[in-house]
Protein chains: 2
Amino acid sequence: MQASKSTNLELLMLERAASQNTNQWVYQLLRTNLLCGKVQPGLPLTIRGVAEALGVSPMPVREAFHRLACEGAVEVKNNRRVIVPIMTAEKFSELCDLRILLETHAAQSALPYIRDPDIVSLELIDGKIDEAVQEGNVENMSLLNQDFHRTLYSANPFQIVVPLIESLWLQLGPFSRIAISKLEKIYIVDRHVEAIAALKQQNSFALRRAIEADIRDGIASINSVEGIHNYFEGVA
Amino acid sequence: MQASKSTNLELLMLERAASQNTNQWVYQLLRTNLLCGKVQPGLPLTIRGVAEALGVSPMPVREAFHRLACEGAVEVKNNRRVIVPIMTAEKFSELCDLRILLETHAAQSALPYIRDPDIVSLELIDGKIDEAVQEGNVENMSLLNQDFHRTLYSANPFQIVVPLIESLWLQLGPFSRIAISKLEKIYIVDRHVEAIAALKQQNSFALRRAIEADIRDGIASINSVEGIHNYFEGVA
DNA sequence: TCGAATTTAATGTGATCACAAACTTTCAAT
DNA sequence: ATTGAAAGTTTGTGATCACATTAAATTCGA
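Asker: Please give an account of the protein's contact with DNA strand D that cites residues and values.
Answerer: In the vicinity of DNA strand D there are 20 residues, among which Arg48 and Arg62 of chain A together with Asn21, Thr22 and Ser57 of chain B approach most closely. Backbone atoms, meaning sugar and phosphate, form 53% of the atoms of DNA strand D found within 4 Å of the protein. Asn23 of chain B has a polar side-chain atom sitting 2.9 Å from a phosphate oxygen of DNA strand D. Elements supplying a minimum of two residues to the surface near DNA strand D: helix 2 (47–54) and helix 3 (58–70) of chain A together with helix 1 (22–35) and helix 3 (58–70) of chain B.

Have a look at this one:
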């Protein structure tokens, strides 16, 4: 309950499913907190600090840190300090380019495997996104939006690219939250509706266009945020 | 020295640099062994087995396994057994597509940052590859070839994509060895020479073409190997 | 002789501990 | 008051251990 000594970090707590062990729980919890921007860039993280905050031994936290580090979600400095990476304009640009490159490819390669149940699932998620928009629930909007993309791409059972894409999402973490919260709400659903329509028509080109537009909408909305550059390179 | 009980695994030993700790050493060693195809797909790996073979405690091996698992280099079965993943034709095809997609992008985005010293480094590596070809040293050929690509892409200081590419290399691991060993030797150098020429001319299109051709040469050589399909999906 | 149930061995997990490196604080000397 | 070193604290690392789960071996029954 009490925060760690050196850093008073506030973590969004998650229920621990009965099936998952401590390792997985800690990893998922930290991952979710990074994805929704709960922990700020530049914040130093300590193994014992997080372990204490979570009421577990340092071991699962160590493993989670190492996993997150190899996904680029956290950065291990040469002082062996772990911090949430600082975003730079160049990194941001590169991450967006890669999202478009990988996600349009993923969508296209998933298209031949799309069946009716998949479309039903996607429409269901889209409905939940609509609900989250109504409620103004930013966390759910962000997570459900990722669910939509992941579900689409995962229709291809031989998909290799999804973990790579999730790594990009993790690195964009704090900013996707800003993007979603500021986004003109109607656009999200529109792009998803466009994508679903393309799926029904088996229209590869339209699908790519919808996915790319969806991502570009997010980027545009980030750039439109007043004072967004305070989030780049600056210390928190 | 003695092999583990359940699996008699033979590992290519690596010198442990004074600077790196046990974690890093074990990870690098396992990674290198996977990259050059020393451990066969389908082979079950155990923490205690590897730890015993390396003369370390199970702890660093555990962390290395988890890191390699999140890079897709090893697979954690639901029986919590760790194995080297089996290759399938579909996975192989998808991995090759992604290599071309990501590496041509990486090369193109690195092009503006290429300076003369970079070209000197690349020509130096290319010379070493030539030596390895003369000696028939397959391990060096494989590792130096990766060095060439990594050095090229890393000229861009804001490169995000290199870890993603290395994840693909890891998953292709055992097969890149087959590719290199069977490859008509002259082609490797030719494609690299083409790439270097494109760099000198700042010719983006020619660079992409050279990189894609280099990768496709590897794929073609794999497909030309007699009985290559014994390596797919079959147990070793 | 073959198959199912029980026993035995092996494995992953997670906590605790000792140690070394790095950071912080303290305190004295200039 | 400022700088420097030294003592103390914090942190990551890696080994050892106890425990629950799972695979393997053995035994018993048909």
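Additional details are given in the paragraphs that follow.
Asker: Let's hear about the packing of aromatic side chains: which residues, and what values?
Answerer: All names here are of chain A. One pass over the structure, following the stated rule, counts two aromatic pairs over all chains. For the ring pair Tyr113 and Phe158, a centre distance of 6.3 Å and an interplane angle of 65 degrees mean the geometry is edge-to-face. With Tyr113 in the loop between helix 4 (89–110) and helix 5 (116–135) and Phe158 in the loop between helix 6 (138–153) and helix 7 (162–182), the pair connects residues that are 45 residues apart, well separated along the chain. Under the relative-accessibility criterion, Phe158 is labelled partly exposed at 27%. The cationic tip of Arg67 hangs over the ring face of Tyr27; the distance from NZ or CZ to the ring centre is 3.8 Å.

Asker: Residue-level account of helix 1 (residues 22–35) of chain A, with values.
Answerer: All names here are of chain A. Taking 1.5 Å as the rise per residue, helix 1 with 14 residues should run 20 Å; its terminal C-alpha atoms sit 20 Å apart, in good agreement. Counting buried positions over the 14 residues of helix 1 gives ten, a clear majority of the element. Every buried residue belonging to helix 1 is among Trp25, Val26, Tyr27, Leu29, Leu30, Arg31, Thr32, Asn33, Leu34 and Leu35, and all of these are buried. Gly37 sits one or two positions beyond helix 1 and adopts a positive phi of about 75 degrees.

Asker: Talk me through the protein's contact with DNA strand C; I want residue IDs and the actual numbers.
Answerer: The local shell around DNA strand C holds 19 residues, among which Asn21, Thr22, Asn23 and Ser57 of chain A together with Arg48 of chain B are the closest. Take the atoms of DNA strand C that sit within 4 Å of the protein: sugar and phosphate atoms are 55% of them. A distance of 3.1 Å separates a phosphate oxygen of DNA strand C from a polar atom in the backbone of Ile47 of chain B. For the surface near DNA strand C, the secondary structure elements donating two or more residues are helix 1 and helix 3 of chain A together with helix 2 (47–54) and helix 3 of chain B.

Asker: Tell me what's going on with the relation of the copies chain B and chain A, and back it up with residues and numbers.
Answerer: Mapping between the two chain copies consists of a rotation about an axis together with a translation along that axis. The two copies are related by a screw motion: chain B maps onto chain A through a turn of 180 degrees and a shift of 0.0 Å along the axis, at an RMSD of 0.1 Å. As the rotation angle and translation indicate, the two copies are arranged about a two-fold axis. Interface residue correspondence from chain B to chain A reaches 96%, placing this contact among same-surface, isologous pairings.

Asker: Can you tell me about the sheet that holds strand 1 (residues 44–45) of chain A, naming the residues and giving the values?
Answerer: All names here are of chain A. Strand order in the open sheet formed by three strands is 1-3-2, with antiparallel pairing between adjacent strands. Edge positions in the sheet fall to strand 1 and strand 2 (75–76), since each has one partner strand and no second. Inspection of the sheet shows strand 1 paired to strand 3 (residues 82–83) by two bridges, in the antiparallel sense. Within the sheet, the bridge partner assigned to Leu45 lies in strand 3 and is Val82.

Asker: Outline the sheet that holds strand 3 (residues 82–83) of chain B, supporting the account with residue identities and numerical values.
Answerer: All names here are of chain B. The sheet built from three strands is open, its strands ordered 1-3-2 with antiparallel pairing. Either end of the sheet is taken by a strand with one partner, and the two such strands are strand 1 (44–45) and strand 2 (75–76). In this sheet, strand 3 lies alongside strand 2 in antiparallel orientation, the contact comprising two bridges. Directly across from Val76, in strand 3, lies its bridge partner Val82.

Asker: I'd like a rundown of the state of the cysteines, residues and numbers included.
Answerer: A complete count under the given rule lists one disulfide over all chains for this structure. Covalent S-S linkage joins Cys70 of chain A and Cys70 of chain B, the inter-sulfur distance amounting to 2.5 Å. Of note, the bridge from Cys70 of chain A to Cys70 of chain B carries an S-S torsion of about -70 degrees and is left-handed in sense. Separated into two different chains, Cys70 of chain A in helix 3 and Cys70 of chain B in helix 3 make up a pair that spans both. Judged by its relative accessible area of 22%, Cys70 of chain B falls in the partly exposed class.

Asker: Can you break down the interface of chain B and chain A residue by residue, with the values?
Answerer: The interface of chain B with chain A comprises 28 residues on the first partner and 27 residues on the second. Interface of chain B and chain A: buried area, both sides summed, is about 2400 Å²; carbon and sulfur atoms make up 70% of it. The interface formed by chain B and chain A holds two salt bridges in total. At the boundary of chain B with chain A, the tally comes to four residue pairs in polar contact (both at pLDDT 80 or more). Those elements that place two or more of their residues in the side of chain B that touches chain A are helix 3, helix 4 (89–110) and helix 7 (162–182) of chain B. Considering each element in turn, the side of chain B that touches chain A owes the most residues, ten residues, to helix 4 of chain B.

Asker: An account of the environment of Leu101 of chain B is requested, with residue identities and associated values reported.
Answerer: Assignment of secondary structure puts Leu101 of chain B in helix 4. Put simply, Leu101 of chain B and Glu212 of chain B are 111 residues apart on the chain and 8.6 Å apart in space, counted from C-alpha to C-alpha. In contact with Leu101 of chain B, other than residues within four places in its own chain, are Leu101, Leu102 and His105 of chain A.

Asker: Lay out the pattern of salt bridges in plain terms, naming residues and giving numbers.
Answerer: Across all of its chains, the model carries 20 salt bridges over all chains by this definition. Salt-bridge contacts for Arg31 of chain B lead to Glu166 of chain B; the nearest nitrogen and oxygen are separated by 2.1 Å. You can see Arg31 of chain B sitting in helix 1 and its partner Glu166 of chain B sitting in helix 7, a full 135 residues away along the chain. Each of the two residues, Arg31 of chain B as well as Glu166 of chain B, counts as buried. Ionic contacts of the salt-bridge type, sharing partners, join the residues Arg31, Glu71, Asp147, Arg150 and Glu166 of chain A into one network.

Asker: Describe in detail the packing of helix 3 of chain A against helix 3 of chain B, supporting the description with residues and values.
Answerer: Viewed as axis vectors pointing N to C, helix 3 of chain A and helix 3 of chain B meet at an angle of 40 degrees, and their least axial separation amounts to 9 Å. The element helix 3 of chain A and its partner helix 3 of chain B pack so that their crossing is right-handed. Counted together, Met59, Arg62, Glu63, His66, Arg67 and Cys70 of chain A of helix 3 of chain A and Met59, Arg62, Glu63, His66, Arg67 and Cys70 of chain B of helix 3 of chain B form the full contact between these two elements.

What counts, and at which threshold
- Position numbers for residues start from 1 in each chain and track the written sequence from start to end.
- A letter from A marks each chain and a number from 1 marks each ligand, given out in the order of writing.
- Two thresholds apply to this predicted model, a pLDDT of at least 70 for residue-level local features and 80 or more for giving and counting side-chain atom pairs, whereas whole-chain, interface and lining totals are computed over all residues.
- Excluded from the side-chain calculations are hydrogens and water; all other atoms, namely the structure's heavy atoms, are used.
- Throughout this document, a residue counts as near a molecule or strand when at least one of its heavy atoms sits within 4 Å of that molecule or strand.
- Any pair of N or O atoms that falls within 3.5 Å is considered a polar contact. Within protein, one atom must be able to donate a hydrogen and the other to accept it, and sequence-neighbouring residues count only if both atoms are side-chain atoms.
- Under the DSSP-based scheme used, a helix requires at least four consecutive residues in state H or I and a strand at least two consecutive residues in state E, with every element numbered from the N terminus.
- Here a Phe, Tyr or Trp ring, Trp counted by its six-membered ring, pairs with any other such ring whose centre lies within 6.5 Å, and the pair is stacked when the planes are under 30 degrees apart, edge-to-face when over 60, and tilted otherwise.
- Whether a residue is buried, partly exposed or exposed follows from its accessible area with a 1.4 Å probe, protein chains only, as a fraction of its type maximum: under 20%, in between, or over 50%, in that order.
- As a reminder, the over-ring test applies to NZ of lysine and CZ of arginine, requiring each to be within 6 Å of the ring centre and within 35 degrees of the ring normal.
- What a helix is expected to span follows from its residue count: subtract one and scale by 1.5 Å.
- When the copies are superposed, the least-squares fit takes in the C-alpha atoms of residues with a pLDDT of at least 70 in both.
- Working rule for contacts: check all heavy atoms of both residues, and any pair within 4.5 Å makes them a contact.
- In this description, strands pair whenever DSSP reports at least two bridges between them.
- Disulfide: a pair of cysteine sulfur atoms within 2.5 Å of each other.
- Two parts placed together each lose some accessible area under a 1.4 Å probe, and the buried area is that loss summed for both.
- Take a side-chain nitrogen of Lys or Arg and a carboxyl oxygen of Asp or Glu: if they are within 4 Å of each other, that pair is a salt bridge.
- To get an axis, a line is fitted to the C-alpha atoms, and for a helix only the part in contact is used. The angle between two axes follows their N-to-C directions and goes from 0 to 180 degrees.
- Should the near helix be turned anticlockwise from the far one by less than a right angle, the crossing is left-handed, and should it be turned clockwise, the crossing is right-handed.

Take it as geometry only, folks, not as evidence of what the structure does.
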